[in-house]
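A structural walkthrough
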Amino acid sequence: MALLVPQFLNARTGVNYTPSASAFTVETNEDAQQVKLRIYNVGLGGKPVKTVNMKRDKADPTLWQASVKGDLNGKFYTFDVKYGGKFRGECPGIWATAVGVNGKRGAIVDLRGTDPQGWNADRRPSIPASDLIIYEMHHRDFSIDASSGLVNKGKFLALTEPRAIAHLKALGVNAVHILPSFDYASVDETRLGEPQYNWGYDPVNYNVPEGGYSTDPYKPEVRINEFKQMVQALHRAGIKVILDVVYNHTWNIDGSNFQLTRPDYFYRKNADGTYSNGSGCGNETASEREAMRRYMVESVKYWVDEYHIDGFRFDLMGVHDIATMNAIRQALPSDIFIYGEGWSAGSCAIPGEQLAMKAHISQMPGIAAFSDCMRDALRGPWDSDSKAAFLGGVKGNEESLKFGIVGAIQHPGVDYSKVNYSKEPYATEPTQMIAYVSCHDDMCLVDRLKASVKGITTDEIIRLDLLAQTAVLTSQGVPFILSGEEMLRDKKGVHNSYESPDSINHLDWDNLERYPQVMDYYQGLIAMRKAHPAFHMASAQMVRERLDFLPDQNCLVAFHINGRGVPGEQWGDIYVALNANKRARTIEVPEGTYTVVCRNIKCDPSGLTTVSGGRITVPAQSALIIHN
Ligand code: CA
């Protein structure tokens, strides 16, 4: 059937608004008995100024409509649907594009009035997927500490400030992945003066920016305008904005906008009638159902059209079905980058072969998945913080790391039987794999190294941190860095810091001066990757032809890239060696003179020194990169 798009979404105002009248539409299940529309002057409290009984559409019993005369700009509204003789409670519906404080009521806002100056000229930066370098950040972590020097602490606007932009530009990342920034439940927007922290994986209104990150959550237009200012500032700096989206579950079932308007339609159930919990959060949405699939498709399209979003990271993508992810891919422009967690947090109530899991990525062209294989090969397994792997000098992780280096594609140099999780390649193209060693989940890199490597010194932490990111940034997958790793951040050993206070989660910008060698190295590494297409060849066939591995050694992975014939590549033979051993090792390369660009925790793409071929030393716990 043709996708049915509620007219108010097309109007982009939460309702179909005109100065003389506003038309409201809500979808229900067929057994809905009555729908009341209430209009308010305020977003919270007060009494309705008007209550209207909505009319059921004659052709479609799931659609209810009402038209209210007069200029409603600045007013708020709720829907209240009756089933089985009982009204379920007021809510803004599922398509609200503006809301009052805490997202309790929809708001009628002229969205064109929320556009910052010059918004019409704003364009998504043109950067192919293979060239992306993603920086994953939480608004509050990034800016809340006094050391940030930022004015708009914990707000969208922090990312418009020159110091923030200058830092991202200096680091060299070209995409910022912002943790949930849609309206979520766990921060009370009426108490923003008090310290509150949450990552925000508890969605309420999917198509509205979070009020807690705005300077005034009571005024619906403010969060929309400030979000756009953020996007505009990043785009002007040539940086893409990727939104972390969480369609796989809602904050709760009973109070969710889904459940209040269409009870039990949007959630999967087990055979025994209980709610399935593949999200680990008490519920799991049913992307395979027509209205849920349509909702996800229209929602991401809306963020692209209205907010100029450049990409999406799907939380627990493995809860969604493959057909829905492919529908999303097809509905979005090809330059929109899509990736997700190719797993779920529990079993889902649809057949496993339909789920958008990592192992099914080859069925989802143009969609990428995080490589837990590479991550855990470096830092250690996800189920035990105290277990080390490659970085901690534990042998046996080499093939898993090689799997990450080639971007999870089929490659003759990888023995898949020895890869930790994926016993076969899952990516058709290397841009379908996200290369990373840490993200907001679990311990950050410093904490993990401290927890898993006995007696580790600060010097060793730095060496291994830089070694880990060298693997990430020389992977043919798409590199991804957790915000603050360049500042040698720690979270005081907290594993799941989703609601930890600022004292745990904040970035300490003074670390840039304490450990300048870390930022220096990251900058050099990122600059090298950007300048050299050999490190991001984009084509699986080219990776198979141009990249080969040197002989295996314990806790050392070394590879060669023949840069000749790689379009745009200036370097010829490139050798990369990643040595996690506590002692120096050697590799054998052909005779000749090579320029050293990375050695012993220094990285400078213009060259550090030269070295002659033959047997070459790779210093302990560090990377070596040379080229001719
Ligand atoms: Ca909120």
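Scroll up to find the structure this text is about.
Conventions and cut-offs
- Residues numbered from 1 in each chain as written.
- Predicted model: local features only at pLDDT ≥ 70, side-chain atom pairs only at ≥ 80, totals over all residues.
- Heavy atoms only, no water.
- Helix = DSSP H or I, 4+ residues; strand = E, 2+ residues; numbered from the N terminus.
- Rg over C-alpha atoms; globule rule 2.2 N^0.38 Å.
- Buried < 20%, exposed > 50% of the residue type's maximum accessible area, 1.4 Å probe, protein only.
- Contact = heavy atoms within 4.5 Å.
- Areas by Shrake-Rupley, 256 points an atom, 1.4 Å probe, with all protein chains shown as cover.
- Lys, Arg positive; Asp, Glu negative; His and termini not counted.
- Charge placed at Lys NZ, Arg CZ, Asp CG, Glu CD.
- Core = buried A, V, L, I, M, F, W, Y, C linked by side-chain atoms within 4.5 Å.
- Domains from an automatic or database assignment.
- Donors = N, O, S within 2.8 Å, 3.2 Å for Na, K, Ca; no water.
- Pairing = 2+ DSSP bridges.
- Phe/Tyr/Trp six-rings, centres within 6.5 Å; stacked < 30°, edge-to-face > 60°.
- Lys NZ or Arg CZ within 6 Å of the ring centre and 35° of its normal.

For the rest of this paragraph, the subject is the overall build of the protein chain. The number of helices and strands found in the protein chain is 15 helices and 26 strands. For the protein chain, the C-alpha radius of gyration of 25 Å lies close to 25 Å, the compact-globule estimate for 628 residues. Counting every position in the protein chain, which comprises 628 residues, the buried fraction comes to 63%. Considering only residue pairs separated by 6 or more positions, the protein chain has 71% of its internal contacts joining residues 24 or more positions apart. Entry remark: accessible area of the protein chain is about 22000 Å², with carbon and sulfur atoms responsible for 49%. Positive and negative side-chain charges in the protein chain, numbering 65 and 73 respectively, have mean positions lying 3 Å apart.

What follows covers the nonpolar core. Grouped together as the largest cluster of nonpolar side chains are 146 residues, with contacts concentrated most on Phe227, Phe312, Phe314 and Phe390. At ten residues, the largest contribution of residues to this core is made by helix H6 (residues 290-307). In this structure, this core is formed jointly by two domains, domain 2 (127-535) and domain 3 (548-627), each of which donates at least three residues. Phe390 has contacts with Ala377, Leu378, Asn397, Leu401, Leu467, Cys555, Leu556, Val557, Leu578 and Ala580, leaving out every residue within four places of it along the chain.

Look at Asp264: it is not a glycine, yet its phi comes out positive at around 65 degrees. Positionally, Asp264 belongs in the loop between helix H5 (257-261) and H6. Here the phi dihedral of Ala538 falls at roughly 75 degrees; this positive angle occurs in a residue that is not glycine. Mapping Ala538 onto the fold places it in the loop between helix H14 (516-531) and helix H15 (540-546). Residue classification places Ala538 among the partly exposed positions, given a relative accessible area of 30%.

Asp183 (OD), Tyr184 (O), Glu189 (OE) and Glu210 (OE) make up the full set of protein donors to the calcium ion, lying at 2.2 to 2.3 Å. All donors of the calcium ion belong to a single chain; written as a sequence motif, their spacing is D-Y-x4-E-x20-E. Since its relative accessible area comes to 2%, Glu189 is described here as buried.

Take Gly43: it is sitting in the loop between strand S3 (34-40) and strand S4 (50-53). Take Gly43: its relative accessible area is 9%, and that puts it in the buried class. Taking the C-alpha atoms as reference points, Gly43 and Lys104, separated by 61 residues in sequence, lie 7.1 Å from one another. Not counting residues within four places of it along the chain, the set of residues in contact with Gly43 comprises Phe76, Gly100, Val101, Lys104 and Arg105.

Across a sheet, strands are paired by hydrogen bonds formed along the backbone, either parallel or antiparallel in direction. Strand order in the open sheet formed by four strands is S1-S2-S6-S5, with antiparallel pairing between adjacent strands. Both edges of this open sheet fall to strand S1 (16-17) and strand S5 (55-56), since each of them pairs with a single strand only. Here S1 pairs with strand S2 (residues 21-27) via two bridges, running antiparallel. Bridged to Asn16 within S2 is Ala23.

This brings us to the packing of aromatic side chains. Tallied over the full model, the rule gives 35 aromatic pairs. An angle of 75 degrees between the planes, with centres 4.9 Å apart, marks the rings of Trp95 and Tyr295 as edge-to-face. Taken together, the residues Trp95 in the loop between strand S8 (86-91) and strand S9 (106-107) and Tyr295 in helix H6 connect sequence positions 200 residues apart. Assessed through its relative accessible area of 4%, Trp95 is described here as buried. Taking the relative accessible area as the measure of exposure, Tyr295 reaches 1% and is therefore buried. Arranged with centres 6.3 Å apart and planes meeting at 75 degrees, the rings of Phe258 and Tyr267 form a pair that is edge-to-face. A residue is classified by how much of its surface remains accessible, and Phe258, at 2% relative accessible area, is buried. Grouped by ring-pair contacts, the aromatic residues Trp95, Phe182, Tyr206, Tyr247, Phe258, Tyr265, Phe266, Tyr267, Tyr275, Tyr295, Phe312 and Phe314 constitute a single cluster. If you follow Arg289 out to its NZ or CZ, it ends over the ring of Tyr265, 5.5 Å from the centre.

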